[in-house]
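# Close look at the chain arrangement
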Amino acid sequence: MSVYMLLRQSNDPSSSVCQASMEQLKNLEKTPGFCSILYAIIASKETEFNSRLLSAIYFKNCIDKYWRERVDSQGVSAEEKIYLRENILPLLLNEESPQISLQLSLLISKIARIDHPQAWPQLLDRLVEIIRTNQSLSRERKRGLLALKEVIVQLSGKRLPHCKREFVQVTGKLFVFVEETWAGSLTGVLVGLSSLARGEIGPNVLEALVPQAEEARLSLHILKNLVIHGLHQDLNDLPYVVHFLNHSFTFLSNLIASRTSVVENPLTKQTDKLTVQLARLLNELQRSQPDSFENLSIPFLDLFYRYVATSFQSSFDRFLLQALLFLKAAIDHVPSAPLTTWAKPSPHELFFTEEKVVALTQTLIGCYFVLSEEDLRAWADSPEQFHIDTEQISWETRIHPCAEIVYMALLMKKREIVAPIVVKLLQEVVQRPAEEDSPNFSRWVLSKEACYCGVALGYNDLYNHFDFPSFFSTYLARDFLQPSPMYRIIKRRAVILIGCWVSEITDEMRKPIYQVVINLMADQDVVIALSATTTLKILIDDCKFYVDSFLEYLNTVVDLLFRLMMNLHQDDTILQVLDVLSTLTERVAEKISPFTGRILECLSRLWSEYRDHKLMKSAIVHAFKRLVKTQERGIEEEVVNFLIPFVLHSTDMNEGDSLYLMDHGLGLWLYVLRKARTFSQALFSLFPNLVNSLSISFEFI
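In this report, the structure presented in the accompanying data block is examined. (Residues numbered from 1 in each chain as written. Predicted model: local features only at pLDDT ≥ 70, side-chain atom pairs only at ≥ 80, totals over all residues. Heavy atoms only, no water.)

### Side note on helix H20 (residues 415-431)
Spelled out, the test is: In DSSP terms, a helix is any run of H or I states spanning at least four residues, a strand is any run of E spanning at least two, and both are numbered starting from the N terminus. An expected span of 1.5 Å times one less than the residue number is assigned to each helix. Classification of residues uses two cut-offs on accessible area relative to the type maximum, computed with a 1.4 Å probe and protein chains only: under 20% is buried, over 50% is exposed, and between them is partly exposed. Residue contacts are counted whenever heavy atoms from the two residues lie within 4.5 Å of one another.
Between its first and last C-alpha atoms H20 spans 24 Å; for 17 residues at 1.5 Å apiece the expected length is 24 Å, and the two agree. For H20, the full list of buried residues reads Val 418, Ala 419, Ile 421, Val 422, Val 423, Leu 425, Leu 426, Val 429 and Val 430. On its buried face, H20 is in contact with helix H16 (354-368), helix H19 (399-413), helix H21 (441-457) and helix H22 (468-479).

### Describing the nonpolar core
For clarity, the cut-off: The nonpolar core is taken to be a set of buried Ala, Val, Leu, Ile, Met, Phe, Trp, Tyr and Cys residues, with the residues joined through side-chain atoms within 4.5 Å.
Formed by 234 residues in total, the largest nonpolar core has its most connected members in Phe 59, Trp 182, Phe 468, Leu 476 and Phe 550. Once residues lying within four places of it in the same chain are set aside, the contact partners of Phe 59 are Cys 35, Leu 38, Tyr 39, Ile 42, Leu 84, Ile 88 and Leu 107.

### Some words on the packing of aromatic side chains
Test applied: Here a pair means two rings of Phe, Tyr or Trp (six-membered ring of Trp) with centres within 6.5 Å. Their orientation is stacked below 30 degrees between planes, edge-to-face above 60, and tilted elsewhere. Two thresholds decide whether a charge sits over a ring: the Lys NZ or Arg CZ must be within 6 Å of the ring centre and within 35 degrees of the ring normal.
Inspection of the entire model under this criterion finds 35 aromatic pairs. Consider the rings of Tyr 39 and Tyr 83, whose centres lie 5.7 Å apart with planes at 85 degrees: the pair is edge-to-face. With Tyr 39 in helix H3 (residues 34-43) and Tyr 83 in helix H5 (residues 78-94), this residue pair connects regions lying 44 residues apart in the sequence. Seen from their ring centres, Trp 379 and Phe 386 are 5.4 Å apart, and the 15 degrees between their planes marks the pair as stacked. For the pair formed by Trp 379 and Phe 386, the shared burial category is buried. Through successive ring pairs, a cluster of aromatic residues spans Phe 249, Phe 293, Phe 300, Phe 304, Tyr 307, Phe 316, Phe 319 and Phe 326. In this arrangement the basic side chain of Arg 259 is found over the ring face of Phe 316, its NZ or CZ atom lying 4.1 Å from the centre. Lys 356 extends its terminal NZ or CZ atom over the ring of Phe 351, reaching a point 3.7 Å from the ring centre.

### Remarks on a positive patch on the surface
What counts, and what does not: What goes into a patch is any residue over 30% in relative accessible area without a salt bridge, connected to like charges within 9 Å or, for nonpolar side chains (Val, Leu, Ile, Met, Phe, Trp, Tyr), within 5 Å. Each accessible area is a Shrake-Rupley estimate made with a 1.4 Å probe; only the visible protein chains count as cover when residues are assessed. Salt bridge, as used here, is a side-chain nitrogen of Lys or Arg placed within 4 Å of a carboxyl oxygen of Asp or Glu. When charges are tallied, Lys and Arg are placed among the positive residues and Asp and Glu among the negative ones, while His and the ends of the chain are skipped. Charged groups are reduced to one reference atom each: NZ for lysine, CZ for arginine, CG for aspartic acid, CD for glutamic acid.
A cluster of basic residues, Lys 269, Lys 273, Arg 280 and Arg 318, forms a positive patch on the protein surface. With three residues, helix H12 (residues 266-288) is the largest single contributor of residues to the positive patch. With respect to the helices and strands, the residue Lys 269 is situated in helix H12.

### Observations concerning unusual backbone geometry
In this chain, His 116 is followed by Pro 117 through a cis amide linkage whose omega measures 0 degrees. Tracing the backbone shows Pro 117 in the loop between helix H6 (98-115) and helix H7 (123-133). If you check the backbone angles, Ala 589 has positive phi at about 55 degrees while not being a glycine. Examined against the element boundaries, Ala 589 turns out to sit in the loop between helix H27 (571-588) and helix H28 (596-609). Given the relative accessible area of 21%, Ala 589 is considered partly exposed.

Quick look at the structure:
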């Protein structure tokens, strides 16, 4: 059967036909000339689209397998390689389908990774010629840029020393040309936006500028790889890089300015992507070459600083996030300077004057820390997900956590300036409370919560400026007694603040704080209850935790943890509460014995409900292990028999989740053997699992 027919059958709805044809193709791909057949199918315009696309994908995947010389198959012969290299570029330029063009570009890049520059030295010159000789917005020019982008991505990813040196040479050869292409395309887009703002052009002209913006994005993607991977000397010594950065600053300023003067349209969507792409390039450059970029980065730092200071209500979150990341990198940067120049302030240090540090601190706390309407809606609509997002989401992907990281970096570097400002903001908001019926009450509550957030995050650097025991007795204790529904926002943050300042809690404060946390764990608001549970874990895991002073609350806490666990719906929040229960079990040790039966019952119920959830089952087995470990007087035969099925399942190598459970399962088995008062016959039934596991792997020996 021909390759073409097999490709057609591989798209057959019948899985058996599809699988059989794919198996035959796999056997044929080692045959000499197979790639040429795929090329012929792609080049045939009469062939239906799906077969051509599948041929392009198959051809691309064959490059990694057979383009290099192999011992186990003949692969692609030298003559066939020459034929394909000579004909693949014309095929790309004449291709009308964007999907097939993308696959062909990727295919060319994979060949280039292997053959350039030794076997295909003319590739880059040919691509530059294609881009230069074809008119702007033409299909051939766009295909050439797309291929050049993919080739540069592949070449920049090579890590051998000689490959890196070759890419540095490629960068010197291409940089000026690509920068001119990018600048020309982007200038046309900015002129169009300016004309649109003045009402001089209509929608038809605007639509024609969209491909030009796409061309600018492709060029900028190439420049990013050249800048990040192809420049291995001081940027200040490279005039073409300095020229590019000067252009970048001008373009970035104009793109931001044009956004406020033009209503949203198809072109602005492309320019927004361009703006974010350029900001990401600057962030990557700051990460990869912080020292040589420092002097050149000051105009951008000023631009990003002003944007952060004035655009906290901007809808352009993606750019705002990049601006915050740039500020953080600049604040964190420590120059790698000789000893003789250490005393000299760096350009970044000179930029962050006291006035700017104060203004940035006030902006971060007063604007970025304040919960938005979107945050409050998420709290109301999906409280568990809101709690997960605030605790687990990466700070590099969202504005609020990123602003918190910027604040912490600023506080650590400029503690003498920032700490008094934070305390002053806190004092102003707590000493001037708003009445509940006041129109400013909601804003005051959100501002107070934001100040509490600043104090909580700064616990490592505010210790000489903030008296936590006094603040707790004067203000926090009162906050927990307020009945207003809006105060739930402050209560949540206040209990988080307690967890952050746990090291400052005195022995006299422990019992009042235990009572506050337990009351909040019983709150109907799931977010508050989960926040209190997190703080409880911090309190009981603290070195100053004493079991005797906690015993009077133990029964209530265990009940609340059970109740909360049963009322939760998301796996992550249940795992969090389960972890608190396990930690509590370990910390109170044998004092947990009266609750052993209830804990076993609760964990067994969870096991039944989450039978297909590997991580949950692993956490349950771990909780069993920690519980058995605390039983100083040993465990009854009834408990041993209860635990044996869990040990049996966890240590069975034939179970699909053994990889997740084996470690904790063996630990549970060990503690059951140690704590069992009598060695029952049922325990002998476990030992075949030990033999099986050792016969397969010694990983858990």
